[in-house]
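So the chains spell out like this:
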Amino acid sequence: MTVYFIGAGPGDPELITVKGQRLIHRCPVIIYAGSLVPAAVLEGHRAETVINSAELHLAQIIDAMREAHAKGQDVARVHSGDPSLYGAIGEQIRHLRELAIPFEIIPGVTAAAASAALLGCELTLPEVSQSVILTRYADKSPMPAGEELANLATHKATLAVHLGVQHLAKIIEELRPHYGGDCPIAVVHRATWPDQDWVKGTLDDILPQVQAKGFRRTALILVGRVLAADAFAESALYRAGHAHLYRP
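Residues numbered from 1 in each chain as written. Predicted model: local features only at pLDDT ≥ 70, side-chain atom pairs only at ≥ 80, totals over all residues. Heavy atoms only, no water.

Attention now moves to the overall build of the chain. Across its full length, the chain holds 7 helices and 10 strands. Taken along the three principal axes of its C-alpha coordinates, the chain extends 60 × 50 × 35 Å. Buried positions account for 44% of the 248 residues belonging to the chain. On the chain, roughly 13000 Å² of surface is accessible, and the fraction owed to carbon and sulfur atoms is 52%. Side chains of the chain carry 22 positive and 26 negative charges; the gap between the two charge centres is 2 Å. (Helix = DSSP H or I, 4+ residues; strand = E, 2+ residues; numbered from the N terminus. Buried < 20%, exposed > 50% of the residue type's maximum accessible area, 1.4 Å probe, protein only. Areas by Shrake-Rupley, 256 points an atom, 1.4 Å probe, with all protein chains shown as cover. Lys, Arg positive; Asp, Glu negative; His and termini not counted. Charge placed at Lys NZ, Arg CZ, Asp CG, Glu CD.)

Structure below.
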């Protein structure tokens, strides 16, 4: 028996991995985050038990896993995006280890990757940005020391801010001194869902655009010069005259 933490991807049911879909189809127990995972992701399952974890607290979720373990039933624990990012799987894994219940993590497509695809951009460009910082806005719980947004902004790397659209004005205030008011920014709402939408602009002009759209939640904020870069160096990998193992 194994509990499989499966990344369902950002919303489009076709963006789940083949392995994740196969496990959903075969596991006799499914526990899924119903508020974030579309029902279409579960299509074709033959599970005896399907549980919406949005209605449960942690102890109830662990009880369901413990019961499945006692019956020798595999569990498909389905999270949105990639379960290792803001998926709250760490606390579940801690309990599973205490109970000696085996588990495995199946990666998924992240919201940042889906948003970059929608925007038609690469998040890392030579001589523009070679780093991507995935973070969130400190709201209900504080950030660890040194991870405050203003500190991360000093790197001027491509920045992906989760769970922050309601605090966009404050985020802009913290980023502008480091990135500059003309720095490109995009806010992507419900990437890959049927009602997906997004706006692009700069730190100076993005706020009224987001307010006009009415984005309140389930949105990712991307910041960085890569979003509007046309002048950048070509990569060494495909440069003529650059030799490597496969192209002497």
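What follows deals with the sheet that holds strand S1 (residues 3–7). Taken together, the 5 strands give an open sheet; going across it, the order is S3-S2-S4-S1-S5, and neighbouring strands pair in parallel fashion. The two strands at the open ends of the sheet, each matched to only one other strand, are strand S3 (49–52) and strand S5 (103–106). Each neighbouring strand pair of the sheet contributes to a mean axis angle of 15°, computed without reference to strand direction. Taken together, the 4 bridges between S1 and S5 define a ladder with parallel strand orientation. Each residue of the ladder has a partner; that of Phe 5, found in S5, is Ile 105. Docked against the sheet, helix H2 (residues 58–71) engages S1, strand S2 (29–32), S3 and strand S4 (75–79), running at close to 165° with respect to S2. (Pairing = 2+ DSSP bridges. Axes fitted to C-alpha atoms, helices over the stretch in contact; angles between N-to-C directions. Contact = heavy atoms within 4.5 Å.)

With that out of the way, let us pick up the sheet that holds strand S6 (residues 132–136). Taken in spatial order, the 5 strands of this open sheet run S6-S7-S10-S8-S9, and their pairing is mixed. Looking at which strands have only one partner, the edges of the open sheet turn out to be S6 and strand S9 (197–202). Taken pair by pair, the neighbouring strands of this sheet meet at an average axis angle of 15°, ignoring direction. With 5 bridges connecting them, strand S8 (residues 184–189) and strand S10 (residues 219–223) associate as antiparallel partners. Of the residues in S10, the one forming a bridge with Ile 185 is Val 223. Against the sheet, helix H6 (residues 168–179) engages strand S7 (158–162), S8 and S10, with an angle of about 15° to S10. Lying over the sheet, helix H7 (residues 206–213) contacts S8 and S9, oriented at roughly 160° with respect to S9.

Enumeration according to the criterion identifies 1 aromatic pair in this entry. Here the basic side chain of Arg 190 rests over the ring of Trp 193, its NZ or CZ set 4.1 Å away from the ring centre. (Phe/Tyr/Trp six-rings, centres within 6.5 Å; stacked < 30°, edge-to-face > 60°. Lys NZ or Arg CZ within 6 Å of the ring centre and 35° of its normal.)

A word on the UniProt feature "domain: Tetrapyrrole methylase" (unreviewed entry) in the chain. The sites that carry the UniProt feature "domain: Tetrapyrrole methylase" (unreviewed entry) are, in the present numbering, residues 2–206. For the annotated span residues 2–206, helix accounts for 29% and strand for 21% of the residues, and the straight-line distance between the end C-alpha atoms is 46 Å. (UniProt positions renumbered as here; feature names shortened; annotations may be inferred.)

Bringing the pattern of salt bridges into the picture now. Scanning the entire structure with this criterion turns up 8 salt bridges. Note that Glu 67 and Lys 71 form a salt bridge whose closest N and O atoms lie 3.3 Å from each other. With a gap of 4 residues between them, Glu 67 and Lys 71 both fall in helix H2, about one helical turn apart. Taking relative accessible area as the criterion, Lys 71 reaches 53% and is therefore assigned exposed. (Salt bridge = Lys/Arg side-chain N within 4 Å of Asp/Glu carboxyl O.)

One can read the domain layout of the chain as domain 1 (3–106) and domain 2 (111–227). Of note, the centres of domain 1 and domain 2, computed from C-alpha atoms alone, are 29 Å apart. Carbon and sulfur atoms supply 70% of the area buried between domain 1 and domain 2, which totals about 740 Å² over both sides. Across the side of domain 1 that touches domain 2, the residue classes tally to 7 nonpolar, 1 polar and 1 charged. (Domains from an automatic or database assignment. Buried area = accessible area lost by both parts, 1.4 Å probe. Nonpolar A, V, L, I, M, F, W, Y, C, P; charged D, E, K, R; others polar.)

Of the two faces of S2, the one holding Val 29 and Ile 31 and the one holding Ile 30 and Tyr 32 are both buried throughout. Note that S2 and S4 share 4 bridges and pair parallel. Along S4, the bridge assignment pairs Tyr 32 with Val 78.

Structurally, the position occupied by Arg 77 is in strand S4. Buried within the structure, Arg 77 lacks any salt-bridge partner; its nearest side chain of opposite charge belongs to Glu 91, at an N-O separation of 7.7 Å. Only 3.4 Å separates the side chain of Arg 77 from the backbone oxygen of Ile 31, close enough to count as a polar contact. At 3.0 Å, the side chain of Arg 77 and the side chain of Gln 92 are in polar contact. (Polar contact = N/O pair within 3.5 Å; in protein donor to acceptor, adjacent residues only side chain to side chain.)

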